[in-house]
Amino acid sequence: SYYYVNRSLGSFFGSIVGWGMWMGLMFATAFYMLGFGQYMTYFFGDLPVATSALVMAGLLVFINYRGAKEASFFQHLIVVGLIAMISVFIAFGVFEVDMSTLKPFNPKGWGAVATLSATLYVSFIGFEVIATSAEEIKEPGVNLPLAIIASVLTPMLLYVLVMFVSTGVLPVDALAESNIPVADVALEAMGEWGSLMMVLGAVLATVSSANASILSAARVNYAMGRDKLFSG
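Residues numbered from 1 in each chain as written. Predicted model: local features only at pLDDT ≥ 70, side-chain atom pairs only at ≥ 80, totals over all residues. Heavy atoms only, no water.

### Side note on the side chain of Asn 64
- By secondary structure assignment, the location of Asn 64 is in helix α3 (residues 49–66).
- In this view, Asn 64 contacts Ala 71, Asn 211, Ile 214 and Leu 215; residues no more than four positions away in its chain are not counted. (Helix = DSSP H or I, 4+ residues; strand = E, 2+ residues; numbered from the N terminus. Contact = heavy atoms within 4.5 Å.)

Written out as structure tokens, the structure reads:
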């Protein structure tokens, strides 16, 4: 986004977009780390949220400081683990689905669907930050478009399956009252080990999102510095 705007509209607008992206990614990292700290209280009830968030944020900054290869390897490990956990959740949960809980199919009307779609969109906007790491990607002309498409289609499929299992195992009212709905669904469908697995998955998801944001923010700063719009 920065590169395109800077080349098409000039450095003034490029600076606005670049600084906006950098600040947005930093706030996003803080948001994810706060979520990490809150999830950690599931395992350690007395653990201060802010302290655990700051420690993990510092660790991620250190990993990214070491280099893009280290950050990428760490990210790959987390993503593979997350996909494995979600696949297990779907594989076990689908056999516990009660089709009667899915009726009526759309009780709140299409207005509620539109509202939910606007909220859920936030979960998909991460595909855009892939482009910020283009210089780190082998054969970006081929792999970059494939990565962006896959980052939209794969989560879409997983979201549909997870929601099918979740609303099929527990009533909507029970899901609405839960702080960690997928953990409660896993507890019902798989037992205590499944619930623990999904909470761990939620923890890893916050770490993965924060790591991607830190990596992308660094690349935005680098591009701006190269164009003499950012000094360090």
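### Brief notes about the nonpolar core
- Counting residues in hydrophobic clusters, the biggest one holds 15 residues, and the most contacted among them are Phe 89, Val 185 and Met 190.
- Of all the secondary structure elements, the ones that give two or more residues to this core are α4 (68–93), α6 (140–169), α8 (181–190) and α9 (192–226).
- With sequence-adjacent residues up to four places away left out, Phe 89 is seen in contact with Val 162, Val 165, Ser 166, Val 182, Val 185, Ala 186, Met 190, Met 197 and Met 198. (Core = buried A, V, L, I, M, F, W, Y, C linked by side-chain atoms within 4.5 Å. Buried < 20%, exposed > 50% of the residue type's maximum accessible area, 1.4 Å probe, protein only.)

### With respect to helix α1 (residues 2–9)
- For α1, the set of buried residues is Tyr 2, Val 5 and Asn 6. Buried residues of α1, seen end-on, are gathered within an arc of 100 degrees and therefore sit on one face of the element.
- Those residues of α1 that are buried lie in contact with α2 (11–40) and α9.
- Downstream of α1 by one or two residues, Gly 10 has phi in the positive range, about 105 degrees. (Arc of directions from axis to C-beta.)

### Things to note about the packing of α3 against α9
- Remark: α3 packs on α9, axes separated minimally by 10 Å, with the N-to-C direction vectors making an angle of 45 degrees. As the angle between them shows, α3 and α9 are arranged oblique. Crossing hand, α3 versus α9: right-handed. Packed against α3, whose contacting residues are Met 56, Leu 60, Val 61 and Asn 64, the element α9 presents Val 207, Ala 210, Asn 211, Ile 214 and Leu 215 at the interface.
- Considering only residue class, the contact of α3 with α9 consists of 7 nonpolar, 2 polar and no charged. (Axes fitted to C-alpha atoms, helices over the stretch in contact; angles between N-to-C directions. Parallel < 35°, antiparallel > 145°, perpendicular 65-115°, else oblique. Left-handed = near helix turned anticlockwise from the far one by under 90°. Nonpolar A, V, L, I, M, F, W, Y, C, P; charged D, E, K, R; others polar.)

### Brief notes about the environment of Ser 11
- Inspection of the secondary structure puts Ser 11 in helix α2.
- It is 7.7 Å that separates the C-alpha atoms of Ser 11 and Leu 229, two residues lying 218 residues apart in sequence.
- With near-sequence residues (within four places) excluded, Ser 11 lies in contact with Asn 6 and Leu 229.

### Quick look at the packing of α8 against α9
- Between α8 and α9, the shortest axis-to-axis distance is 6 Å and the interhelical angle comes to 155 degrees. Considering their axes alone, α8 and α9 lie roughly antiparallel with respect to each other. As for the relative orientation of α8 and α9, their crossing is right-handed in sense. Across the interface between the two elements, Val 182, Ala 183, Ala 186, Leu 187 and Met 190 of α8 pack against Glu 192, Trp 193, Gly 194, Ser 195, Met 197, Met 198 and Val 199 of α9.
- A breakdown of the residues in the contact of α8 with α9 according to their chemical character gives 9 nonpolar, 2 polar and 1 charged.

### Notes on the pattern of salt bridges
- Across all of its chains, the model carries 3 salt bridges by this definition.
- Measuring nitrogen to oxygen at the nearest pair gives 3.3 Å for the salt bridge that ties Asp 227 to Arg 7. Taken together, the residues Asp 227 in the segment after α9 and Arg 7 in helix α1 connect sequence positions 220 residues apart.
- Note that Glu 135 is salt-bridged to Arg 226, the shortest N-O span being 2.8 Å. One end of the pair, Glu 135, is in the loop between α5 (110–120) and α6; the other, Arg 226, is in helix α9, and 91 residues separate them in sequence. (Salt bridge = Lys/Arg side-chain N within 4 Å of Asp/Glu carboxyl O.)

### Remarks on the packing of aromatic side chains
- Throughout the structure, instances matching the rule amount to 5 aromatic pairs.
- Ring centres of Trp 19 and Trp 22 lie 5.6 Å apart, and the angle between their planes is 90 degrees; this geometry places the pair in the edge-to-face category. With Trp 19 and Trp 22 both in helix α2 and 3 residues apart, the pair spans about one turn of that helix.
- Note on Trp 22: relative accessible area 22%, which makes it partly exposed.
- Ring centres 5.9 Å apart and planes at 65 degrees place the aromatic pair Phe 31 and Tyr 32 in the edge-to-face group.
- Overall, Phe 31 belongs to the exposed group, its relative accessible area being 60%. (Phe/Tyr/Trp six-rings, centres within 6.5 Å; stacked < 30°, edge-to-face > 60°.)

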